[in-house]
Amino acid sequence: MSDNALTVDQIDISSREFWGRPWAERDAAFATLRRERPIAFFDEPVIEAIPPGPGYWAITRHADIIEISRNPEVFSSAAGAVSILDLPQEMSEFFGSFISMDDPRHAHLRKIVSGTFTPRMLDKILADVERVAIDIVAGVAGKGEIDLVTEVASPFPLLVICDMMGIPESQQQMVLEQSNIILSGADPEFIPEGTDPVAAFLGAGALLEGLLNELAANRRAEPTDDLLSALVNTDVDGERLTQQELASFFILLAVAGNETTRTATSHGVAHLGANPDQRAIWMADVDGVTPTAVEEIVRYASPVVWMRRTLTRDHVVSGHQFHEGDKVLLFYGSANRDDAVFADPDRFDVRRDPNPHVGFGGPGPHFCLGAHLARRELGLIFREMFRQLPDLELAGPPDQLHSSFINGIKHLPVRFTPTT
Ligand code: HEM
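These lines cover the structure that appears in this document, whether it is placed above or below. Since we're looking at a predicted model, the values are computed, not measured. (Residues numbered from 1 in each chain as written. Predicted model: local features only at pLDDT ≥ 70, side-chain atom pairs only at ≥ 80, totals over all residues. Heavy atoms only, no water.)

**Things to note about the overall build of the chain**
Worth spelling out the cut-off: Counting from the N terminus, the helices are the DSSP runs of H or I reaching at least four residues and the strands are the DSSP runs of E reaching at least two. Radius of gyration: C-alpha atoms only; globule rule: 2.2 Å multiplied by the number of residues to the exponent 0.38. Residue contacts follow a heavy-atom distance rule, with two residues in contact if any of their heavy atoms lie within 4.5 Å.
Scanning the chain for helices and strands turns up 16 helices and 12 strands. At 21 Å, the chain has a C-alpha radius of gyration in line with the 22 Å of a compact globule built from 420 residues. Overall, the C-alpha framework of the chain stretches about 60 × 55 × 45 Å when taken along its three principal axes. Taking the intrachain contacts of the chain between residues at least 6 apart in sequence as the baseline, contacts between residues at least 24 apart amount to 71%.

**Some thoughts on the sheet that holds strand E3 (residues 75-76)**
Rules: Here a strand pair is declared whenever DSSP counts at least two bridges between the two strands.
As summarised here, the arrangement of the 5 strands in space is E1-E2-E8-E5-E3, forming an open sheet in which the pairing is mixed. Among the strands making up the open sheet, the edge pair consists of strand E1 (39-42) and E3. Direction of pairing for E1 relative to strand E2 (residues 56-59): antiparallel, over a ladder of 4 bridges. Each residue of the ladder has a partner; that of Phe 42, found in E2, is Tyr 56.

**Quick look at the pattern of salt bridges**
It is possible for side chains of opposite charge to pair when their charged atoms get near one another. Rules: The salt bridge criterion pairs a side-chain nitrogen of Lys or Arg with a carboxyl oxygen of Asp or Glu, the two atoms within 4 Å. Accessible area is worked out with a 1.4 Å probe on protein chains only. A residue is then buried under 20% of its type maximum, exposed over 50%, and partly exposed in between.
Going through the model one piece at a time under the given rule, you end up with 21 salt bridges. Put simply, Asp 226 and Arg 219 hold a salt bridge, and the shortest N to O gap is 2.9 Å. Residue classification places Asp 226 among the buried residues on the basis of a relative accessible area of 12%. Under the relative-accessibility criterion, Arg 219 is labelled buried at 9%. One salt bridge connects Glu 259 with Arg 262, and the closest N-O pair in it is separated by 3.3 Å. Here the residue Glu 259 and the residue Arg 262 both occupy positions in helix H12 (residues 243-274), the gap between them amounting to 3 residues, near one helical turn.

**Some details on the packing of H12 against helix H13 (residues 276-284)**
Packed helices, taken two at a time, are described by the angle between their axes plus the distance between the axes. Condition: Here, axes are lines fitted to C-alpha atoms. For helices the fit covers the stretch in contact, and angles between N-to-C directions go from 0 to 180 degrees. Here the word oblique covers every angle except those under 35 degrees (roughly parallel), over 145 (roughly antiparallel) and from 65 to 115 (roughly perpendicular). Classification used: nonpolar for Ala, Val, Leu, Ile, Met, Phe, Trp, Tyr, Cys and Pro, charged for Asp, Glu, Lys and Arg, polar for all others including Gly.
Where H12 contacts H13, the two axes come as close as 5 Å, and the packing angle between them is 110 degrees. Classed by the angle they form, the pair H12 and H13 counts as roughly perpendicular. Only Pro 276, Gln 278, Arg 279 and Trp 282 of H13 make contact with H12, whose side of the interface consists of Leu 272, Gly 273 and Ala 274. Residues that form the contact of H12 with H13 fall into these classes: 4 nonpolar, 2 polar and 1 charged.

**Details of the site of the ligand**
For the record, the criterion: Note on definitions. A residue lies near a molecule or strand when any single heavy atom of the residue is within 4 Å of it. Here a polar contact is taken to be a pair of N or O atoms separated by no more than 3.5 Å, where protein atoms must pair a possible hydrogen donor with a possible acceptor and residues adjacent in sequence count only if both atoms sit in side chains.
Contacts to the ligand come from 27 residues, most closely from His 106, Arg 110, Arg 309, His 366 and Cys 368. The separation between an oxygen atom of the ligand and a polar side-chain atom of His 106 is 2.6 Å. At 2.6 Å from an oxygen atom of the ligand is found a side-chain nitrogen or oxygen belonging to His 366. Those elements that provide at least two residues to the shell around the ligand are helix H5 (105-114), H12, strand E5 (306-311) and helix H16 (371-388). Element by element, the count of residues in the shell around the ligand is highest for H12, at 6 residues. Tallied by class, residues from the shell around the ligand come to 17 nonpolar, 8 polar and 2 charged.

**Some remarks on the packing of aromatic side chains**
Stated precisely, the cut-off is as follows: Any Phe, Tyr or Trp ring, taking Trp's six-membered ring, that has another such ring centre within 6.5 Å forms a pair; planes under 30 degrees apart are called stacked, those over 60 apart edge-to-face, and the others tilted.
Following the criterion strictly, the structure yields 14 aromatic pairs and no others. Between Phe 41 and Trp 57, the ring centres sit 5.1 Å apart and the planes meet at 65 degrees, which makes this aromatic pair edge-to-face. Linking Phe 41 in strand E1 with Trp 57 in strand E2, this pair joins segments that are 16 residues apart in sequence. Relative accessible area serves as the criterion here: at 40%, Phe 41 is assigned to the partly exposed category. Aromatic side chains Tyr 300 and Phe 348 sit 5.2 Å apart centroid to centroid with 65 degrees between the ring planes, which places their arrangement in the edge-to-face category. With Tyr 300 in helix H14 (residues 286-301) and Phe 348 in the loop between helix H15 (332-335) and H16, this pair connects stretches of sequence that are 48 residues apart. This pair shows no difference in class: Tyr 300 is buried, exactly as Phe 348 is. One aromatic cluster in this structure is built from Phe 18, Trp 19, Phe 30 and Phe 331.

**Here's the deal with the coordination of the iron atom of the ligand**
Counted only if it meets this: Nitrogen, oxygen and sulfur within 2.8 Å of a metal are treated as its donors, or within 3.2 Å for sodium, potassium and calcium (Na, K, Ca); water is not counted, so a site can appear incomplete.
A lone protein donor binds the iron atom of the ligand: Cys 368 (SG), at 2.3 Å. In this fold, Cys 368 is placed in the loop between H15 and H16.

**Description of the sheet that holds strand E9 (residues 393-394)**
To summarise the sheet geometry, strands pair through backbone hydrogen bonds and adopt either a parallel or an antiparallel arrangement. Here we have 3 strands laid out as an open sheet, ordered E4-E12-E9, and antiparallel in their pairing. For this open sheet the edge positions go to strand E4 (145-147) and E9, each flanked by a neighbour on one side alone. Relative to strand E12 (residues 413-415), E9 is paired through 2 bridges, and the arrangement is antiparallel. Looking at E12, one finds that Leu 394 is bridged to Val 414.

**A closer look at the nonpolar core**
To keep it simple, the criterion reads: Put simply, a nonpolar core is a bunch of buried Ala, Val, Leu, Ile, Met, Phe, Trp, Tyr and Cys residues held in one set by side-chain atoms that sit within 4.5 Å of each other.
By size, the foremost hydrophobic cluster in this structure holds 127 residues, and its most contacted members are Ile 13, Trp 282 and Phe 382. Broken down by element, the residue count for this core peaks at 13 residues, all from H12. Dropping the residues within four chain positions of it, Trp 282 is found in contact with Leu 272, Val 289, Thr 290, Ala 293, Ile 297, Val 350, Phe 382 and Phe 386.

**Some points on the side chain of Thr 310**
Assignment of secondary structure puts Thr 310 in strand E5. When its relative accessible area of 10% is taken as the criterion, Thr 310 is described as buried. In contact with Thr 310, not counting residues within four places along its chain, are Val 74, Phe 75, Ser 76, Ala 79, Gly 325 and Asp 326.

Written out as structure tokens, the structure is:
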């Protein structure tokens, strides 16, 4: 045990201080919870001006997360999947869209976009994703030293999703800034000191909604072949999306698609930098190793720290009696280091197979809609980095995002021989 290791009673994952600790200490705390208190109760985080709720149960073992994800009738998403606090329902649905709904409404809305995210449909846009990856890496290749996060990992998924949605280039920076605010978990770099995080959050939502309404009006008048046109003009079971549903959709896709893939890319580069043997294995057989390497990056990075469920009735899991109304948080990164499932879980192994990680969520109706897209994005961006920047190495430590929800990296200095 290192000097900084916490005992099970010292662990407080609701404190801001906990999420500012180095990754190794956070991982060690979750290992302690898995071993000694796998279903652990915590008071809710204290947020000024909002009365604290009743607390929540942290689910840290892989088997329990699988069981809960498979049982959405008991473990509901409708009270909010992405907030610990009970937000007013309109706010929860606005920022979460169908991620914070149960079937049948969830299935109805998911169906509107799900066709666009199947492997067959993605084949059609593969050339566009590939072009974005080539251009982004080519754009930095002459520099020699860059911040990998701001110059590669964040613009890449943003440009892909903006391309799919048909967002004009001139608006893409704004979408990036506002989605950063919504997912920042109040990190001061994104929400300046003295600014009320709730106001910043709502302001970001309003700006994105404004952009969407403007673009939607254009698409209604002149349909094109982008995703937004499909959403605006779609008719599922005889119903059109309302303006508010449309805005929520857009926010969900823009937000869910950006920060997650960015985080996976940044962690991937950091872990390859720290494990040159793994980098060499992947570079020696890029196409052959990519499928397992991409899954290992998502397991190891676990970009989404947790999702929430709320009990619709009394129910027992692993001998623990839950009660109706209890909140549970599914800690995916913890499940992804569970040694009951993963041999040598702290080892980053680009050929790990099988790799039944829950980085995209557990099995069930909410399993990540963008998983196929994310896998392709990751495969392509690493291929381009290997091809165009073959000697890329870390030039400093990763700068950790202070958030309990996204396991982010804010900055990652890297260097390579510049091309002329
Ligand atoms: C490495 C990248 C990504 C990771 C780690 C990730 C992770 C997740 C997780 C953990 C969930 C929640 C599952 C649950 O509540 O059970 C989720 C849901 C979702 N993700 Fe992703 N995601 C990634 C990329 C993407 C991309 C690229 C998109 C779209 C462009 C996307 C769109 C969505 C949507 C729409 C949902 C809600 C699904 C539903 O409730 O039915 N994700 N993702």
